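Residue-level listing of the chains:
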Amino acid sequence: MRERSGVGVVCGLLALLGALLTGCQSPAGGVAEDGRLTEQTTGERATVSPAPTRPAGYGAVFLAVGECSSFGTTSFTEVPCTGERAAARVAARHDGTVRDGPRCPSTTDFVLHISEQRPGSDEDGDGAVPRGYACMRNLQPPHPGDPGGGGGPRTIVGDCVYGSGDGQVRETACDGTGRRKPQYKVVEAVTERADCPGPTALYVRLGGKRPVGCARPL
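Structural notes, computed from the coordinates. Not measured: the values here are computed from a predicted model.

Moving on: the state of the cysteines. Tallied over the full model, the rule gives 4 disulfides. With a sulfur-sulfur separation of 1.9 Å, cysteine 104 is cross-linked through a disulfide to cysteine 135. Classification of the bridge connecting cysteine 104 and cysteine 135 rests on its S-S torsion, roughly -75 degrees, and on that basis the disulfide is left-handed. Of this pair, cysteine 104 sits in the loop between strand S3 (88–95) and strand S4 (110–114) while cysteine 135 is found in strand S5 (residues 132–138), placing the two residues 31 residues apart along the sequence. For cysteine 104, a relative accessible area of 7% translates into the label buried. The exposure class of cysteine 135 is buried, given its relative accessible area of 0%. Each sulfur in the disulfide pair cysteine 196 and cysteine 214 lies 1.9 Å from the other. Around the S-S axis, the bridge from cysteine 196 to cysteine 214 shows a dihedral of about -80 degrees and counts as left-handed. Residue cysteine 196 is found in the loop between strand S8 (184–190) and strand S9 (202–205), and its partner cysteine 214 is found in strand S10 (residues 212–217); the two are separated by 18 residues along the sequence.

Looking now at the sheet that holds strand S6 (residues 160–165). The strand order across the open sheet formed by 5 strands is S7-S6-S8-S10-S9, and the pairing between neighbours is antiparallel. Unpaired on one side and paired on the other, strand S7 (168–172) and S9 mark the two borders of the sheet. The sheet shows a mean angle of 45 degrees between the axes of neighbouring strands, direction not considered. Here S9 pairs with S10 via 4 bridges, running antiparallel. Looking at the pairing, valine 204 lines up with glycine 213 of S10.

The next subject is unusual backbone geometry. Residue proline 141 is joined to proline 142 through a cis peptide bond whose omega torsion reads 5 degrees. Along the chain, the position of proline 142 falls in the loop between S5 and S6. For leucine 63, which is not glycine, the phi torsion reads 50 degrees and is therefore positive. Structurally, leucine 63 can be placed in the loop between helix H1 (2–23) and strand S1 (68–69).

Moving on: the sheet that holds strand S2 (residues 78–79). Spatial ordering of the open sheet is given by S2-S1-S3-S5-S4, a layout of 5 strands whose pairing is antiparallel. Only two strands of the sheet have a single partner each, and these edge strands are S2 and S4.

Rules used throughout
- Residues numbered from 1 in each chain as written.
- Predicted model: local features only at pLDDT ≥ 70, side-chain atom pairs only at ≥ 80, totals over all residues.
- Heavy atoms only, no water.
- Disulfide = S-S within 2.5 Å.
- Helix = DSSP H or I, 4+ residues; strand = E, 2+ residues; numbered from the N terminus.
- Buried < 20%, exposed > 50% of the residue type's maximum accessible area, 1.4 Å probe, protein only.
- Pairing = 2+ DSSP bridges.
- Axes fitted to C-alpha atoms, helices over the stretch in contact; angles between N-to-C directions.

The analysis is restricted to geometry; functional conclusions fall outside its scope.
Put into structure tokens, the structure is as follows:
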């Protein structure tokens, strides 16, 4: 009787131990040493959505180099360059005024003058955008800042001009599509007038390291 009773107790303990082991089984993937669940062995993987990121080149600094503006030269906003409202890209950006600041690149199509303002969002979060100007290049033709294009903030070699009276000249398109027909074409930029070639008929002020433009009649 004692042997049977002992055997019964042992069998009961084994059954209880088996039940406990079955109840403590880990999920299919198991448990890592730090207590985190590991991957399931069925091949299924949990997907983690990346945190949303701000579009590169837009919004970090108000009209920084490479960013784009909407249409308009007096009323404009900064917009993503890939959007349908984008009209021109910033080629250079400077604080202060055009008169006191660096010159825009030679093929700039137009300049946006940024007055000091306090928008809801700006580059450093203080609610202010300093006074400055942005040298803009159109995303699509025409490009009046190109040589002969008939516009742009700078007169460069290849541009055409006409006399506007009082010894002044104004730029116009070389192909004749402007309001005024071209009378002269700037063919060279030099340091002094004496450096212009012989056929020069007009001297145009260009500015920069070679401030004299040598223009020939058309």
